[in-house]
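Spelled out from the first residue to the last, the chains are:
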There are 4 protein chains.
Amino acid sequence: MKILITEMLEERGVTLEDIAKIVLEIQKSYLPNLTLEECIMHVSKVLEKRETQNAVLTGLVMDMYAEKNMFPEPLQTILKEDKGLYGIDEILALSITNIYGTIGLTNFGYLDKSKIGIINKLNDKTNGKVNTFLDDLVAAIAAAAASRLAHQDEDVVI
Amino acid sequence: MKILITEMLEERGVTLEDIAKIVLEIQKSYLPNLTLEECIMHVSKVLEKRETQNAVLTGLVMDMYAEKNMFPEPLQTILKEDKGLYGIDEILALSITNIYGTIGLTNFGYLDKSKIGIINKLNDKTNGKVNTFLDDLVAAIAAAAASRLAHQDEDVVI
Amino acid sequence: MKILITEMLEERGVTLEDIAKIVLEIQKSYLPNLTLEECIMHVSKVLEKRETQNAVLTGLVMDMYAEKNMFPEPLQTILKEDKGLYGIDEILALSITNIYGTIGLTNFGYLDKSKIGIINKLNDKTNGKVNTFLDDLVAAIAAAAASRLAHQDEDVVI
Amino acid sequence: MKILITEMLEERGVTLEDIAKIVLEIQKSYLPNLTLEECIMHVSKVLEKRETQNAVLTGLVMDMYAEKNMFPEPLQTILKEDKGLYGIDEILALSITNIYGTIGLTNFGYLDKSKIGIINKLNDKTNGKVNTFLDDLVAAIAAAAASRLAHQDEDVVI
Ligand SMILES: [Ca+2]
Ligand SMILES: [Ca+2]
Ligand SMILES: [Ca+2]
Ligand SMILES: [Ca+2]
């Protein structure tokens, strides 16, 4: 299942390395010796979680079907325009970070606002692509991986 | 929008009165003078909330497309069989109860397990219908309405 | 730390076995071969989690100081009378179940309402004891242990 | 009760205006005509919510008693040093933002990391003061007020 999830993300334009770079960016000030390889490993572990897999399976189908105008109105327009008060995209993403405690949650809130790296690119709406769910899923996976790192640093295994 | 949401629920076999009956059932021991009319009014207020509307719009489309076998695997099978560890249906439903504080949340947990009234009927999988999201949405709307009642009883307006 | 937490719970009148009995009660219909020993093992694992330890450390001090009338008003009265709309006791308890996904959460909601076993005894307010936090902590630990069991049954390790 | 809560915050060094300034700071790029007076009004509305009042009542007592070394170990040291993996301070704060939907939550995550204005001052640990709970409560109240503003802008009343 993890391979399928990884492939689905890649087809939508996001590699594990893209997500790992965000993790490195937000954690390097706390952990100066942190490498991209370690970040990739933590991202990979987050993708093994059933909560992550269910959220990605569901969210990416929503993006793809919205891109193909397959939803009835008003949902179609809400998804295509990524309206600020929709919130289901963040809700789905939060199901990934929840299992990493409050650190996962605050990391997600920060990434959701600061839009680092690939997240910023996904928000570009000029190319017909719909990434309403994907940007939040990527932020959540990065936030969860960063939380794994922080917990691990204090000898906690999640 | 509330009218659209109400119609969508009715098309899937759930009336406001069905939901209000659940509210009456779980609150009548605390509030012996509670009427079905009052419960309908509180359910109606919950349907005015944007969080409720977004969750219903999204969840019912998921159920309908799963019923028509429109999703790729493995999502199609997961949704059709309402697998215990999917969890996105409950996640969506919780976004409705969250705004009513912890009372909303514990009410939802209780309804999700005890499956009172129409919720029990929706869980019947012998008729080809897919209600993977609908049963949790109904439980959440009833839980939210029950929480409104409980808060109101102590002069809090939500 | 787990030993300290276990002792603190025992001093407040709750043994691991008391909590395990609740787990057995709510899971035995799904898992007929489940033993009390297995339930104790899962409760024990939940007590190893930092989230559980922090919630227990904090909640039990609140109960003990409320019992000794050590808080300023209006907090003292709110805690002593376990007022329905306080909610911080449930909030703390939910931090334990959150890391076990939505199953943890719905299990908690169910236990919080149905008050099985020791939880019912803790709600007895006729003896001067204050268990405002303890009853929710016990429900949350039992709910978390039950979720571990359910996940394990499908080869997921938490 | 709102007056008591406001006084408690002031005694711990935080005025409504301090919190309103954070709201203004994070919202002025979206709403260029926003005034400090409006922000104060929204902060004031958040302080009327029972969830806010319970969280402030509880968190400030924790800070004050930790400052006076009134807690048993290991809780006393955990609170005094505001250890990264404690998390109960954020949990309490999140109970304030939860009722404002996901916007409240992501705003809180952002403020918790970026530590704007008074929040930064509260994190100064060189003066013997314990603000383990206060910094998160202030971030949460500001996040909730910012969410009220955002919702209001789209004609939603919370
Ligand atoms: Ca989005
Ligand atoms: Ca379901
Ligand atoms: Ca309680
Ligand atoms: Ca803090």
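Residues numbered from 1 in each chain as written. Chains lettered and ligands numbered in written order. Predicted model: local features only at pLDDT ≥ 70, side-chain atom pairs only at ≥ 80, totals over all residues. Heavy atoms only, no water.

- An unreviewed UniProt entry annotates chain A as Phosphatidylglycerophosphatase A of Proteinivorax tanatarense.

1. Overview of the coordination of the calcium ion (ligand 1)
All names here are of chain A.
In step 1: The coordination sphere of the calcium ion (ligand 1), as far as protein atoms go, consists of D89 (OD), T132 (O), D135 (OD) and D136 (OD), spread over 2.3 to 2.8 Å.
In step 2: Binding-site remark: the calcium ion (ligand 1) is held by donors from one chain whose sequence spacing is D-x42-T-x2-D-D.
In step 3: Overall, the relative accessible area of 2% leaves T132 in the buried class.
In step 4: Classification of D136 by relative accessible area gives buried; the value is 2%. (Donors = N, O, S within 2.8 Å, 3.2 Å for Na, K, Ca; no water. Buried < 20%, exposed > 50% of the residue type's maximum accessible area, 1.4 Å probe, protein only.)

2. Examining the packing of aromatic side chains
In step 1: This structure, assessed with the given rule, holds 14 aromatic pairs over all chains.
In step 2: Considering the side-chain rings of Y65 of chain B and F71 of chain B, the 6.2 Å spacing of their centres and the 45° angle between planes classify their relative orientation as tilted.
In step 3: Since its relative accessible area comes to 9%, Y65 of chain B is described here as buried.
In step 4: Ring plane angle 10° and centroid distance 6.0 Å describe the contact between Y110 of chain B and Y110 of chain C, whose orientation is recorded as stacked. Highlighted residues: Y110 of chain B in helix 7 (residues 101–114) and Y110 of chain C in helix 7 (residues 101–114), drawn from two different chains. (Phe/Tyr/Trp six-rings, centres within 6.5 Å; stacked < 30°, edge-to-face > 60°. Helix = DSSP H or I, 4+ residues; strand = E, 2+ residues; numbered from the N terminus.)

3. Describing the interface of chain A and chain B
In step 1: Taken residue by residue, the interface counts 22 residues in chain A and 22 residues in chain B.
In step 2: When chain A packs against chain B, close to 2000 Å² is buried across both sides, 78% of that on carbon and sulfur atoms.
In step 3: Counting every contact that joins chain A to chain B gives zero salt bridges.
In step 4: For the interface between chain A and chain B, the tally reads six residue pairs in polar contact (both at pLDDT 80 or more).
In step 5: The element best represented in the side of chain A that touches chain B is helix 4 (residues 50–67) of chain A, accounting for eight residues. (Contact = heavy atoms within 4.5 Å. Buried area = accessible area lost by both parts, 1.4 Å probe. Salt bridge = Lys/Arg side-chain N within 4 Å of Asp/Glu carboxyl O. Polar contact = N/O pair within 3.5 Å; in protein donor to acceptor, adjacent residues only side chain to side chain.)

4. As for the relation of the copies chain A and chain B
In step 1: Placing chain A over chain B gives an RMSD of 0.0 Å and needs a rotation angle of 180°, together with 0.0 Å of translation along the axis. Here the transformation between the copies is reduced to the relation of a two-fold axis.
In step 2: Here 100% of the interface residues in chain A have copies in chain B that are interface residues too; the copies meet face to matching face. (Least-squares fit on C-alpha atoms with pLDDT ≥ 70 in both.)

5. Considering helix 9 (residues 134–152) of chain B
In step 1: The terminal C-alpha atoms of helix 9 of chain B lie 27 Å apart, and with 19 residues this matches the ideal 27 Å at 1.5 Å per residue to within 8%.
In step 2: Burial within helix 9 of chain B is extensive, with 17 of its 19 residues counted as buried. (Expected span 1.5 Å × (residues − 1).)

6. Some details on the environment of L111 of chain C
Residues and elements named next belong to chain C.
In step 1: One can find L111 in helix 7.
In step 2: Take L111: its relative accessible area is 0%, and that puts it in the buried class.
In step 3: Taking the C-alpha atoms as reference, L111 lies 9.9 Å from D135; in sequence the two are 24 residues apart.
In step 4: Setting aside anything within four residues of it in sequence, one finds L111 in contact with I22, I26, I116, I119, A139, A142 and A143.

7. A look at helix 1 (residues 2–11) of chain D
Residues and elements named next belong to chain D.
In step 1: Turning to helix 1, its buried residues are I5, T6, M8 and L9. Within helix 1, the buried residues cover an arc of 160° as seen down the axis, which keeps them to one side. More than 90 degrees from the buried face of helix 1, the exposed residues found are I3 and E11.
In step 2: Against helix 2 (16–27), helix 3 (36–47), helix 4 (50–67) and helix 9 (134–152) lie the buried residues of helix 1. (Arc of directions from axis to C-beta.)

8. What about the coordination of the calcium ion (ligand 3)?
In step 1: Note on the calcium ion (ligand 3): its protein donors are D89 of chain C (OD), T132 of chain C (O), D135 of chain C (OD) and D136 of chain C (OD). The metal-donor distances range over 2.3 to 2.8 Å.
In step 2: With relative accessibility at 6%, the residue D135 of chain C sits in the buried group.

9. Some points on the pattern of salt bridges
In step 1: Inspection of every chain in the model, using the stated rule, returns 24 salt bridges over all chains.
In step 2: A salt bridge links E25 of chain D to K28 of chain D; the nearest nitrogen and oxygen atoms lie 3.5 Å apart.
In step 3: E25 of chain D sits in the partly exposed class, given a relative accessible area of 40%.
In step 4: When the shortest N-O distance is used, the salt bridge between E48 of chain D and K45 of chain D registers 4.0 Å.
In step 5: Linked through salt bridges whose partners overlap, the residues forming this network are K2, K45 and E48 of chain A.

10. Focus on the environment of E73 of chain C
Residue and element names in this part refer to chain C.
In step 1: Structurally, E73 is set in the loop between helix 4 (50–67) and helix 5 (75–81).
In step 2: Distance in space between the C-alpha atoms of E73 and T126 is 22 Å, their sequence separation being 53 residues.
In step 3: Side chain to side chain, E73 and T77 meet in a polar contact 2.8 Å long.

11. Side note on the packing of helix 3 of chain D against helix 9 of chain D
Residue and element names in this part refer to chain D.
In step 1: Contact geometry of helix 3 with helix 9 gives a least axis separation of 9 Å together with a crossing angle of 115°. In this view, helix 3 runs roughly perpendicular relative to helix 9, as classed from their interaxial angle. Crossing angle aside, the handedness with which helix 3 passes helix 9 is right-handed. Across from C39, H42, V43, K45, V46 and L47 in helix 3, the residues of helix 9 making contact are I141, A144, A145, R148, L149 and Q152.
In step 2: In terms of residue class, the contact of helix 3 with helix 9 is built from eight nonpolar, two polar and two charged. (Axes fitted to C-alpha atoms, helices over the stretch in contact; angles between N-to-C directions. Parallel < 35°, antiparallel > 145°, perpendicular 65-115°, else oblique. Left-handed = near helix turned anticlockwise from the far one by under 90°. Nonpolar A, V, L, I, M, F, W, Y, C, P; charged D, E, K, R; others polar.)

12. Remarks on unusual backbone geometry
Apart from glycine, the bulk of residues carry a negative phi angle, and the bulk of peptide bonds sit in the trans form.
All names here are of chain A.
In step 1: Following E73, the chain continues into P74 via a peptide bond in cis, with omega recorded as 5°.
In step 2: In this structure, N69 is a non-glycine residue whose phi angle is positive, near 55°.
In step 3: In this fold, N69 is placed in the loop between helix 4 and helix 5 (75–81).
In step 4: A positive phi angle, close to 50°, is found at K115, a residue other than glycine.
In step 5: Within the element layout of this structure, K115 appears in the loop between helix 7 (101–114) and helix 8 (118–122).

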